[in-house]
Amino acid sequence: MDSSLTLFEKVWRAHEVVPETADTPAVLYVDLHLIHEVTSPQAFTVLRERGLRLRRPERTFATMDHSTPTRTEQIFGGAPITVDAAARQVRELERNCADMGVELLGLRDARRGIVHIIGPELGVTQPGKTIVCGDSHTSTHGALGALAFGIGTTEVGHVFATQCLLQRKPRTLAVNVRGTLPPGVGAKDLILAIIGKIGVAGGTGHVIEYRGETIGALDMDGRMTVCNMSIEAGARAGMIAPDETTFRYLAGRPRAPQGAAWEASLERWRQLPSGPGARFDREVDIDAAALEPMVTYGTNPGMVIPIGASIPERADDQVLAKSLAYMGFTPGEPIREQPVNVVFIGSCTNGRLSDLRAAASVLRGRKIASGVQMLVVPGSQQVKRDAEAEGLDRIFIDAGAEWRESGCSMCLGMNGDLVPKGHYAVSTSNRNFEGRQGIGARTLLASPLTAAASAVRGRVTDPRELF
Amino acid sequence: MEALRLLRSRTVVLPVRDIDTDQIIPARFLTTTTREGLGAHLFEDWRYGPDGAARPEFVLNRPEAGGCAILVAGHNFGCGSSREHAAWALRDFGVRAVVSTQIADIFRNNALKNGLLPVIVEPDVHGWLLEHPGAQVSIDVQSTTLTLPSGTAVRFALEPFARYCLLNGIDELGFLLARESEIAAYEARLGSA
Ligand code: SF4
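None of the values given here were measured: they were computed from a predicted structure.

1. Quick notes on the site of the ligand
All names here are of chain A.
Turning to step 1, where the next piece is worked out: Around the ligand sit H66, I114, H116, D135, H137, S347, C348, C408, C411, L412, N430 and R436, and those are all the residues in its vicinity.
Turning to step 2, where the next piece is worked out: A majority-of-atoms criterion places the ligand in the largest cavity.
Turning to step 3, where the next piece is worked out: Residues of the shell around the ligand, tallied by class, amount to 5 nonpolar, 5 polar and 2 charged.
Turning to step 4, where the next piece is worked out: Both domains that furnish three or more residues to the shell around the ligand are identified here as domain 1 (7-167) and domain 3 (294-466).

2. Points about the pattern of salt bridges
Turning to step 1, where the next piece is worked out: Scanning the model with the defined rule gives 41 salt bridges over all chains in all.
Turning to step 2, where the next piece is worked out: With a closest N to O distance of 2.5 Å, A:E390 and A:R357 form a salt bridge. Of this pair, A:E390 sits in the loop between helix 15 (381-389) and helix 16 (392-399) while A:R357 sits in helix 14 (residues 353-363), and the two are 33 residues apart along the sequence.
Turning to step 3, where the next piece is worked out: When the shortest N-O distance is used, the salt bridge between B:R108 and B:D105 registers 3.5 Å.

3. So, the interface of chain B and chain A
Reports often express the size of an interface as the amount of accessible area lost when the parts come together.
Turning to step 1, where the next piece is worked out: Every contact between the two is made by 52 residues of chain B and, on the other side, 63 residues of chain A.
Turning to step 2, where the next piece is worked out: Summed over both partners, the interface of chain B with chain A comes to about 4,800 Å²; 59% of that surface belongs to carbon and sulfur atoms.
Turning to step 3, where the next piece is worked out: Across the salt bridge formed by A:R56 and B:E187, the nearest N and O atoms sit 2.9 Å from each other.
Turning to step 4, where the next piece is worked out: Applying the counting criterion to the chain B and chain A interface returns 23 residue pairs in polar contact (both at pLDDT 80 or more).
Turning to step 5, where the next piece is worked out: Taken together, the elements giving at least two residues each to the side of chain B that touches chain A come down to helix 1 (21-24), helix 2 (44-47), helix 3 (85-93), helix 4 (105-112), helix 6 (160-168), helix 7 (172-177) and helix 8 (180-192) of chain B.
Turning to step 6, where the next piece is worked out: With 8 residues, helix 8 of chain B is the largest single contributor of residues to the side of chain B that touches chain A.

Rules of the game
- Residues numbered from 1 in each chain as written.
- Chains lettered and ligands numbered in written order.
- Predicted model: local features only at pLDDT ≥ 70, side-chain atom pairs only at ≥ 80, totals over all residues.
- Heavy atoms only, no water.
- Near = heavy atom within 4 Å.
- 1 Å grid on protein atoms, 1.4 Å probe; cavity = no way out; pocket = protein on both sides within 12 Å on 5 of 7 lines; lining within 4 Å.
- Sits in = over half its atoms within 2 Å of the grid points.
- Nonpolar A, V, L, I, M, F, W, Y, C, P; charged D, E, K, R; others polar.
- Domains from an automatic or database assignment.
- Salt bridge = Lys/Arg side-chain N within 4 Å of Asp/Glu carboxyl O.
- Helix = DSSP H or I, 4+ residues; strand = E, 2+ residues; numbered from the N terminus.
- Contact = heavy atoms within 4.5 Å.
- Buried area = accessible area lost by both parts, 1.4 Å probe.
- Polar contact = N/O pair within 3.5 Å; in protein donor to acceptor, adjacent residues only side chain to side chain.

This is the structure:
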């Protein structure tokens, strides 16, 4: 294959049904369409109104995660879903999938979980695929070398009806990461630092390819954490070239190719990485060895500092002032030692097994501070079972945390798992927007290590202090 | 989709950068299974206090905001989640165009599919608009120009196909459905690969 092509360009070209012209966008084929209960109902309605069916139900895959309860008795014990409208969405997805022949991993399915966790986990996410979902964190799947991006509900309808989307080709941005991540600094700190560097709009109009030795050294869970937050830098998609780590991860997964098909797939996947002559529209370099644990202090993910730093002071910056007023922070004071009321471990950013292991490594033999509420929500039922098999659930429960069923939970609080008004939450999720975790909730984004350390001390804590 | 050719309106100004879709429409209103009625909750937590009473100082609650169809907002409007509910809420409220120096990708796509026009202008024009809330502005989709009260007209970029759809009030689904033979041919190639 042409050595001047990027990973993105190769996947894009292979999916052009009709290339773009000056007057019309490309018609791009979608290999895999993931759907969930919140952004699909109106798209099913449009199909019915126009008398259409799904063109490729077998390329469509549904689960429920955003508004589902995380209390065991509400999923398995017959206790009602407390949020009425959420219960209605769950029923509507069940009905829509049954009517339209879509495979649904429903509320009690052992394979259910957050859509961006179960795609890779089941092996439906594969290198070189185009993957879309009515959810901006679809970028997660790019960690396996797929071109994966979030779409709106109207586009969900387009994919239902035609298995295609009209798209203009985005530009490319290479983020080159060199150096070894220091102890206590992980994939979450890396992506927060990248967002801090390029800004929340820095990737707008671009697909990011994360490259370099540091990325190659990350395990798949870490790579997914990095690609997950591409959208927080404004980029619709983030990609990482598939390599032996990717293939080892996928081998034997239930929906991955098997036998001769596996060998043939490997051969194709090995052709995907950007060639030596590939050019990107922009490039940014990051030195991983210089990083510290990162934590946000404001109301978007770009408002982020190393944990040892102080909250910025900029007298003439109205937006910063508004944001700090919301957070109840004083410019110039250290972020460390700020009080913490709630700690949330979970989400499609940090709800995988290695994230739970990291949090548990801090909590083992410790208790969370009195007055702190800590919620640990595995990203999928499979992650939950794996964690329980290792005894991680006991570590969390013994430390005083709540151990829940999988779902989006407190990442966006649609299911009633909310941070109370004015409370400070150290959260491993991806968005610290005003009100994201509850009206008036104050979110500090951090890694699982930092979140767990902060739970132990009831204050924002550098996890390296507890090693 | 309702066509949009020429828009003349006073502006309403939200001079805040990085306004995310969680502010435009908070997640607790996403449990709806229809597109209608979301305008009532547009910017809910900025418009209303904890007791549900309207905050009189918030721009959208001021009498002069009534009937304004052009929203001028800070850099990077609509970042965050892919929820199309944000575009639906703005449309339902009566907004037909959003003007900024940058608009997030997914929001921009969603807006265009709902007859809501994203307009990117240069910082000088943006600065003027931010400083002159209520200015009478006209936006011409045909010529892709925005005209200030002084008569100064500036061009803005609009993807040609999106412009065609807006001018004619057609949605993209019809265009995609008409590509059936190309899609079928592509799928046949996939099958034989
Ligand atoms: S965990 Fe949070 S960010 Fe991820 S899909 Fe769910 S709501 Fe969205």
